[in-house]
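Architecture and fold: a report
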Amino acid sequence: MKALILVGGFGTRLRPLTLSVPKPLVDFANKPMILHQIEALRDVGVTEVVLAINYQPEVMLNFLKDFEAKLGIKITCSQETEPLGTAGPLALARDKLIDGSGEPFFVLNSDVISEYPFDELIKFHKSHGGEATIMVTKVDEPSKYGVVVMEEETGKVDRFVEKPKIFVGNKINAGIYLLNPSVLDRIELRPTSIEKEVFPQIAADKELFAMVLPGFWMDVGQPKDYITGLRLYLNSLRKRSPSKLASGAHIVGNVLVHETAVIGEGCLIGPDVAIGPGCVVESGVRLSRCTVMRGARVKKHSCISSSIIGWHSTVGQWARVENMTILGEDVHVCDEIYSNGGVVLPHKEIKSSILKPEIVM
Amino acid sequence: MGSSDERVVAVIMVGGPTKGTRFRPLSLNVPKPLFPLAGQPMVHHPISACRRIPNLAQIYLIGFYEEREFALYVSSISNELRVPVRYLREEKPRGSAGGLYSFRDYILEDNPSHIFLLNCDVCCSFPLAEMLDAHKIYGGMGTVLVIKVSAESAHQFGELVADPITKELLHYTEKPETFVSELINCGVYVFTPAIFAAIQDVFMQRRGKAELRRVTSFEALQSATKSIPADYVRLDQDILSPLAGKKELYTYETLDFWEQIKTPGMSLKCSALYLHQFRYTSTHLLASGNDTKRASITGDVYIHPSAKVHPTAKIGPNVSISANARIGAGARLISCIILDDVEILENAVVIHAIVGWKSSIGKWSRVQGGGDYNAKLGVTILGESVAVEDEVVVINSIVLPNKTLNGSVQEEIIL
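- Naming follows an unreviewed UniProt entry, where chain B appears as Mannose-1-phosphate guanyltransferase alpha-like isoform X1 of Dioscorea cayennensis subsp. rotundata.
- Entered under Sequence similarities (unreviewed entry) in the UniProt record, the comment concerning chain B runs "Belongs to the transferase hexapeptide repeat family."

- Going by what an unreviewed UniProt entry lists, chain A is known as mannose-1-phosphate guanylyltransferase and is assigned to Dioscorea cayennensis subsp. rotundata.
- According to its UniProt record, chain A has this under Pathway (unreviewed entry): "Nucleotide-sugar biosynthesis; GDP-alpha-D-mannose biosynthesis; GDP-alpha-D-mannose from alpha-D-mannose 1-phosphate (GTP route): step 1/1."

1. As for the overall build of chain B
- Within chain B, the secondary structure is distributed over nine helices and 31 strands.
- On C-alpha atoms alone, chain B measures out to a radius of gyration of 23 Å, which is about the 22 Å that the 2.2 N^0.38 rule sets for 415 residues.
- The contacts in chain B between residues at least 6 apart in sequence include a share of 56% that link residues at least 24 apart.

2. Here we look at the interface of chain B and chain A
- On the chain A side, the residues contacting the 12 residues of chain B number 13 residues.
- Surface buried jointly by chain B and chain A totals about 1200 Å² across both partners, of which 62% is contributed by carbon and sulfur atoms.
- The largest share of the area that chain B buries against chain A comes from B:Arg24, B:Asn402 and B:Leu415, three residues that together contribute 48% of it.
- Put simply, chain B and chain A have one salt bridge between them.
- A:Glu358 serves as the salt-bridge partner of B:Lys376, at 3.7 Å between the closest nitrogen and oxygen.
- Taken together, the connections running from chain B to chain A amount to five residue pairs in polar contact (both at pLDDT 80 or more).
- Its residues assigned to classes, the side of chain B that touches chain A shows six nonpolar, three polar and three charged.

3. Some thoughts on the UniProt feature "domain: Mannose-1-phosphate guanyltransferase C-terminal" (unreviewed entry) in chain B
- When the UniProt feature table is mapped to this numbering, "domain: Mannose-1-phosphate guanyltransferase C-terminal" (unreviewed entry) covers residues 297-414 of chain B.
- Each end of residues 297-414 of chain B is marked by a C-alpha atom, and these two atoms are 32 Å apart; helix forms 0% of the span and strand 42%.

4. Side note on empty space enclosed by the protein
Residues and elements named next belong to chain A.
- Evaluated as defined, the whole model comprises one cavity of 30 Å³ or more.
- Lining the largest cavity are Met1, Lys2, Leu97, Asp99, Ser101, Glu103, Pro104 and Phe105.
- When grouped by side-chain class, the residues that make up the lining of the largest cavity number four nonpolar, one polar and three charged.

5. With respect to the UniProt feature "domain: Nucleotidyl transferase" (unreviewed entry) in chain A
- Annotation from UniProt places "domain: Nucleotidyl transferase" (unreviewed entry) at residues 2-233 of chain A.
- Note that residues 2-233 of chain A is 29% helix and 28% strand, and that its end C-alpha atoms are spaced 25 Å apart.

6. Considering the sheet that holds strand β19 (residues 326-327) of chain B
Residues and elements named next belong to chain B.
- Taken in spatial order, the six strands make up an open sheet running β16-β19-β21-β23-β26-β29, and their pairing is parallel. Two strands close off the open sheet at either side, each with one partner strand: β16 (308-309) and β29 (404-405).
- With two bridges joining them, β19 and strand β21 (residues 343-344) adopt parallel strand pairing. Each residue of the ladder has a partner; that of isoleucine 327, found in β21, is isoleucine 344.

7. Some thoughts on the packing of aromatic side chains
- The final tally for this structure, using the stated rule, is 20 aromatic pairs over all chains.
- Residues A:Phe216 and A:Tyr233 carry aromatic rings whose centres are separated by 6.4 Å and whose planes lie at 90° to one another, so their mutual orientation is edge-to-face. Separated by 17 residues along the polypeptide, A:Phe216 in the loop between β12 (208-212) and β13 (217-219) and A:Tyr233 in helix α7 (residues 223-240) bring together distant segments of the chain.
- Ring-pair connections join several aromatic residues into one group, and the members of that group are A:Phe28, A:Phe216, A:Tyr226 and A:Tyr233.
- Over the face of the ring belonging to A:Phe67 we find A:Lys70, whose NZ or CZ atom lies 4.9 Å from the ring centre.
- It is B:Arg104 that lies over the ring of B:Tyr101; its NZ or CZ is 4.0 Å from the centre.

8. Some thoughts on a negative patch on the surface
- On the surface, B:Glu66, B:Glu67, B:Glu69 and B:Glu91 cluster together into a negatively charged patch.
- Within the element layout of this structure, B:Glu66 appears in the loop between β4 (56-63) and α2 (67-81).

What counts and what doesn't
- Residues numbered from 1 in each chain as written.
- Chains lettered and ligands numbered in written order.
- Predicted model: local features only at pLDDT ≥ 70, side-chain atom pairs only at ≥ 80, totals over all residues.
- Heavy atoms only, no water.
- UniProt positions renumbered as here; feature names shortened; annotations may be inferred.
- Helix = DSSP H or I, 4+ residues; strand = E, 2+ residues; numbered from the N terminus.
- Rg over C-alpha atoms; globule rule 2.2 N^0.38 Å.
- Contact = heavy atoms within 4.5 Å.
- Buried area = accessible area lost by both parts, 1.4 Å probe.
- Salt bridge = Lys/Arg side-chain N within 4 Å of Asp/Glu carboxyl O.
- Polar contact = N/O pair within 3.5 Å; in protein donor to acceptor, adjacent residues only side chain to side chain.
- Nonpolar A, V, L, I, M, F, W, Y, C, P; charged D, E, K, R; others polar.
- 1 Å grid on protein atoms, 1.4 Å probe; cavity = no way out; pocket = protein on both sides within 12 Å on 5 of 7 lines; lining within 4 Å.
- Points joined across faces, edges and corners; volume = space filled by probe spheres on them.
- Pairing = 2+ DSSP bridges.
- Phe/Tyr/Trp six-rings, centres within 6.5 Å; stacked < 30°, edge-to-face > 60°.
- Lys NZ or Arg CZ within 6 Å of the ring centre and 35° of its normal.
- Patch = residues over 30% accessible without salt bridge, like charges linked within 9 Å, V, L, I, M, F, W, Y side chains within 5 Å.
- Areas by Shrake-Rupley, 256 points an atom, 1.4 Å probe, with all protein chains shown as cover.
- Lys, Arg positive; Asp, Glu negative; His and termini not counted.
- Charge placed at Lys NZ, Arg CZ, Asp CG, Glu CD.

Quick look at the structure:
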C-alpha cells in the first residue's frame with residue numbers, strides 16, 4: 001500500500017523552531033513529527049510513503065536517507081514548484097500512488113497527531129465499498145473548522161459546511177483519508193482544495209464515508225496546540241505502552257525521558273513532559289507541561305512550565321521559564337532570569353528578564 | 001605621493017552569521033555585509049573607498065561566513081572595480097587583532113608599507129587617502145579614524161583622548177560608564193606592518209602571565225574559568241589602550257558623517273547618507289525626475305536599471321529600488337529600501353520601511369514606520385516573500401519571511 005503525507009510549506013506558525021528545521025522534522029515526544037506518522041503507516045503494511053513538500057527539499061531528503069534504512073519503508077519526495085493546496089499534490093504524485101494493484105492509498109496531513117487507527121480505517125473502507133473514507137473527530141467548537149455532516153449509522157457523508165454559523169454537527173475533518181485510485185481522476189494538477197472541491201463532489205456521488213477517529217486528535221502546527229498535543233499523546237501512551245513512560249519518586253504523571261538523557265537529584269518532573277536525547281537536567285529542577293529538545297541543558301534549581309526548550313539551548317540556574325515560552329535552537333537563558341512567554345529566535349542569549357510575552361529576535 | 005615601492009593592503013572585517021543577530025530579520029536571508037545600502041552591498045562602500053588609496057595592491061575580506069556566501073560577490077566585484085578582492089574565512093573567533101594576525105602571511109605577501117583595517121558595518125565617507133597622508137606625517141605605528149559625537153551618546157563607543165596639536169592618541173577606553181571624551185573610535189585604522197609585532201607582544205605577555213599563574217593551582221582554576229583564550233586579541237582593549245600615550249598611535253578626525261550599521265533601521269538611515277553622498281561622488285547613480293515620461297523623483301533616489309517604475313508614481317526622498325522591482329501606477333515611496341523582485345501595486349504607499357525580496361504590496365495598502373531608526377519597531381521591515389494584501393495597513397511592524405498579511409497590523413512582530 002502507498003501513502004502521501006501533505007507536508008506543504010514554511011511552518012511559520014511553529015517559528016522559531018521552524019527557522020532551524022522544516023516542520024515535519026521538529027521533534028514531538030522525542031522524535032521528528034513525521035516519524036510518528038511514517039512508523040504507523042509502516043506498521044499497517046504501507047511500503048512506500050510520498051512526502052508532498054514545497055520547502056527545503058534538501059533537508060528533507062537528507063533526513064530520509066538516514067531513516068529509510070532504519071525504518072524499512074521506502075520514502076520519496078514529490079516537490080511542488082508552486083503551492084498546490086490540499087488536493088493538487090495528489091495529482092502531482094499520481095504516478096507514485098497508482099501501482100496498478102487497485103489498492104486504496106492513505107493521505108495524511110503532516111500536522112496531525114493521533115493514535116493512527118489505520119487497521120480500523122482499512123476495514124471500514126472495505127466494508128462500505130465507497131470511493132473515499134475520511135476520518136473525522138469530534139470537537140467542542142465546530143464553527144472554527146469545516147464540519148462534516150454525515151449519517152450516524154452508515155457514516156455516509158452528506159455535505160461539508162465551512163465554519164457554520166448555526167450548529168450542523170460537531171465532527172470535523174481530521175486530516176486522515178483513505179482513497180481509491182479513482183479519486184485521482186477527479187483532481188487536476190493545479191492549486192486545489194480537497195475539502196472545498198474534491199470531497200463535496202465525491203459526497204454528491206454518495207461515495208464518501210466518514211469514520212469517527214477513536215482516541216485523541218490534535219493539530220500540532222502551533223506551539224499552544226503542540227503542548228496540549230503532548231499531554232494527549234502521553235496520556236494515550238500510558239494506556240498503550242506504559243513501560244515507555246518514566247517512573248520514580250521524582251516523576252509526576254506522564255513523563256517521557258529519552259534513554260540518553262540525564263536527570264539530577266532532587267528534581268520533580270511532570271506531568272506531561274518530554275525530555276529528548278542527550279539532554280541534561282541538573283539537580284533541583286522542576287519541569288511541568290514542557291518539552292526539552294535534543295541536547296538542551298536545564299541548570300540547577302530552575303523551573304520550567306508550559307514551554308518548549310529548543311535544541312541545544314540552556315536554561316540557567318534559578319531561572320523561571322513559563323507561559324508559552326518558546327526557545328529556538330541554541331538559546332541561552334542566563335542564571336536567575338524570568339521568562340514569561342518569551343519567544344526567542346535561534347542563537348540568542350537572554351540576559352535580562354522577559355516580563356510579558358514578547359518576541360526576541 | 002607614494003613611490004612604487006609603497007604598496008597598501010586593505011583588510012575589511014565582515015563578521016559572521018551568529019554574531020549580529022541585531023540585523024534580523026534581514027540577516028535571515030542574506031549575510032549583513034551583502035545587504036544593499038543605496039543600491040550597493042554594504043561592503044561595496046568601504047571597498048570602493050579603498051580603491052581611492054594610491055598603490056592599493058589587495059583587499060581582503062575577513063569573516064566567519066562560509067566561503068560560498070562570498071564567492072560570487074568577490075569575483076564580480078574584483079572584475080567590476082579592477083582591484084583584487086579575496087575573502088578569507090576565520091576558523092574560530094580570535095578578536096579583531098587576533099584575526100588580523102592569523103592572516104598575516106596573506107597580508108604581508110605583497111610586502112605592504114601600510115595596512116588599512118576597516119569594519120564593514122561602518123557607514124562613513126572613508127577619507128582613506130587623506131588618513132594615509134596624515135599617518136605618514138605622524139610617523140607612528142598606527143592611526144585611528146575618529147569623530148566627535150554628542151557627550152550623551154559617546155558611551156556607546158570606544159572613547160579616546162587625543163593631543164590637540166600632535167594628534168597623538170593619549171588614552172583609549174571602550175564603552176566607559178562615566179564620560180571620558182566626545183571623540184570616538186570610528187572603526188577605521190591604518191597601520192605599518194609593526195602592528196603584527198605589537199599583537200605578538202600581547203601573546204608573549206599572556207603566555208608569561210599564564211606561566212606565573214601555574215604556580216598556585218587555585219589561581220590557575222580561577223583564571224581558567226574567567227579569562228579569555230590566549231589567542232583572542234581585541235584591537236581596542238589589547239592594543240589601542242595599552243599603547244596609548246607611547247607615541248605609537250595617532251588620530252585623524254573626520255568631520256563628515258559616521259554611523260554604525262547594527263540594525264535594519266540603521267541600514268535605512270545609512271542608505272540615505274550614501275545616497276546623499278552620491279550627489280558629490282557619483283551623480284550618475286542617482287535617478288533624476290526631469291523627464292515627464294518617467295516617474296516623479298524628489299530628493300536622493302537610486303533605481304536599478306532593470307526596475308520598472310510607472311510614470312505616475314512619486315519616489316523619494318531617500319529611496320533605493322533594487323533589481324527587477326516593479327512600482328505600479330500612483331504609488332508613493334518615501335524613505336525606503338525596496339529589494340529585488342518586489343511588486344508594489346497601484347496607489348500603494350510605503351514610508352520608512354524596508355520591503356524584502358520578492359514581496360508584494362497590494363493596491364491602496366500602506367506600509368509605514370515611524371522613522372525612529374534606533375527604535376526596535378521604528379522602521380517597518382518586511383522579510384523575503386511577504387504579501388501585503390490590498391488596502392491593508394502595516395505600521396511599525398516586523399514581518400518574517402513567507403507571510404501573508406490580510407488584515408492590518410500595528411506595533412507587532414509577526415513570526
